[in-house]
Amino acid sequence: MEQWSISNGVTSRYNTDERPLYIYQRMRAYGGCIAELAAHLEIVKSTYRAIFGEECSLTVARVESQCATLLKRGGYSEGSVHIVELRYDRNDNLSLRVLETSLYKHFSLRAVRPKAFECNISGGELMLHTSAAIAMQELLSSIAHQNGCDIPLCVDSNGRVTSVDGASPIITSGRNIAISHTIDSVEARATIKALKRVKGYTLTFKNITIEDIRSADEFFYADHRGITAVHSFEGHLYSDNIANVVIDTISF
């Protein structure tokens, strides 16, 4: 259905169905191609199935073709890493856009060391890659900033940490590494593989609690931007030793 709207004094028609719920992925493009595209689409399809109860028809070839066109027409350098956001909805609408060009040539440990702020929120649906999760992440980030911090640390009613800055939390305590794989991502999968190869440490999958965070030696996470080592939470400072070690064994 079409209606009228006004924006900045300009009136125009708009489609009331133009902003449906969509599934997203933020992907790393280099040399005109998206890294690990098949794995990204695997997550899109599993999310689509969980939300709509149907199979997704999106193909690697379709995304590859449109991404190549986007990067070429936009004049994006093939020698830089560009973060491309994919959006796909139930009406088979596919859109791609470049969010930013990375400062790093490879998947790297980011120079930023953010300060985390606890946000109490429940709801497993927000761990799915949808537009609703993007909106909630923006809201929680704003709340963190208003409280003098950089990123939100989401904790449910049982004290379980469900995400940090929209990603799965990873901590180290002594010779133990733990990850709460609450939010599936291509970057988290690659990081898990690398963590399994760290000598002298044991990797465990578990529900990480807020108390675990308060006593951890390191606290970090992986997403499309790279690995981010958290600087502090409630005055507790973290190191970044394992984050530095593991990044050297990840290549994409």
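Scroll up to find the structure this text is about.
A quick note: this is a predicted structure, and the numbers were derived from the prediction, not measured.

> Help me understand the sheet that holds strand β15 (residues 232–233) in this model?
Working definition: the strands of a sheet are paired by backbone hydrogen bonds and lie parallel or antiparallel to each other. A sheet is described by the order of its strands in space; here 5 strands give the open sequence β9-β8-β7-β15-β16, paired in mixed fashion. Both outer strands of the open sheet, β9 (161–164) and β16 (236–237), are each paired with one neighbouring strand and no more. Looking at chain direction, strand β8 (residues 151–155) and β9 are connected through 3 bridges and run antiparallel. Looking at β9, one finds that cysteine 154 is bridged to serine 163. Sitting on the sheet, helix α3 (residues 131–146) is in contact with β7 (115–120) and β8, with an inclination near 110 degrees to β8.

> Got a minute to help me understand the pattern of salt bridges in this structure?
Opposite charge on two side chains allows them to pair when their charged atoms are near. Evaluation of the coordinates by the stated rule reveals 16 salt bridges. The shortest N-O distance in the salt bridge between arginine 26 and glutamate 85 comes to 2.8 Å. Taken together, the residues arginine 26 in strand β3 (residues 22–30) and glutamate 85 in strand β5 (residues 82–89) connect sequence positions 59 residues apart. Accessibility expressed as a relative area gives 25% for arginine 26, which makes it partly exposed. By relative accessible area, which is 0% here, glutamate 85 ends up buried. Residue glutamate 85 pairs with arginine 97 through a salt bridge whose shortest N-O separation is 3.0 Å. Of the two residues, glutamate 85 is situated in strand β5 and arginine 97 in strand β6 (residues 94–101); the sequence distance between them amounts to 12 residues. Residue arginine 97 is classed as partly exposed on the basis of its relative accessible area, which comes to 39%. Salt bridges here are not isolated pairs; linked through shared partners, they connect Arg26, Glu85, Arg87 and Arg97.

> Would you mind showing me how to read the side chain of threonine 162 here?
Its place among the elements puts threonine 162 in strand β9. The residues contacting threonine 162, other than those within four sequence positions of it, are Met127, Cys154, Val155, Asp156, Ala167, Pro169, Thr182 and Ile183.

> Would you explain the pairing of strand β10 (residues 170–173) in this entry?
Successive residues of a regular strand alternate their side chains across the two faces of the sheet. Taken together, the 4 bridges between β10 and strand β11 (residues 176–179) define a ladder with antiparallel strand orientation. When the bridges of β11 are listed, isoleucine 171 appears paired with alanine 178. As consecutive antiparallel partners, β10 and β11 are separated by 2 residues, and within that stretch glycine 174 has a phi angle of approximately 65 degrees, a positive value.

The rules behind each value
Residues numbered from 1 in each chain as written. Predicted model: local features only at pLDDT ≥ 70, side-chain atom pairs only at ≥ 80, totals over all residues. Heavy atoms only, no water. Pairing = 2+ DSSP bridges. Helix = DSSP H or I, 4+ residues; strand = E, 2+ residues; numbered from the N terminus. Contact = heavy atoms within 4.5 Å. Axes fitted to C-alpha atoms, helices over the stretch in contact; angles between N-to-C directions. Salt bridge = Lys/Arg side-chain N within 4 Å of Asp/Glu carboxyl O. Buried < 20%, exposed > 50% of the residue type's maximum accessible area, 1.4 Å probe, protein only.

Everything listed is a geometric property; what it means functionally is a separate question.
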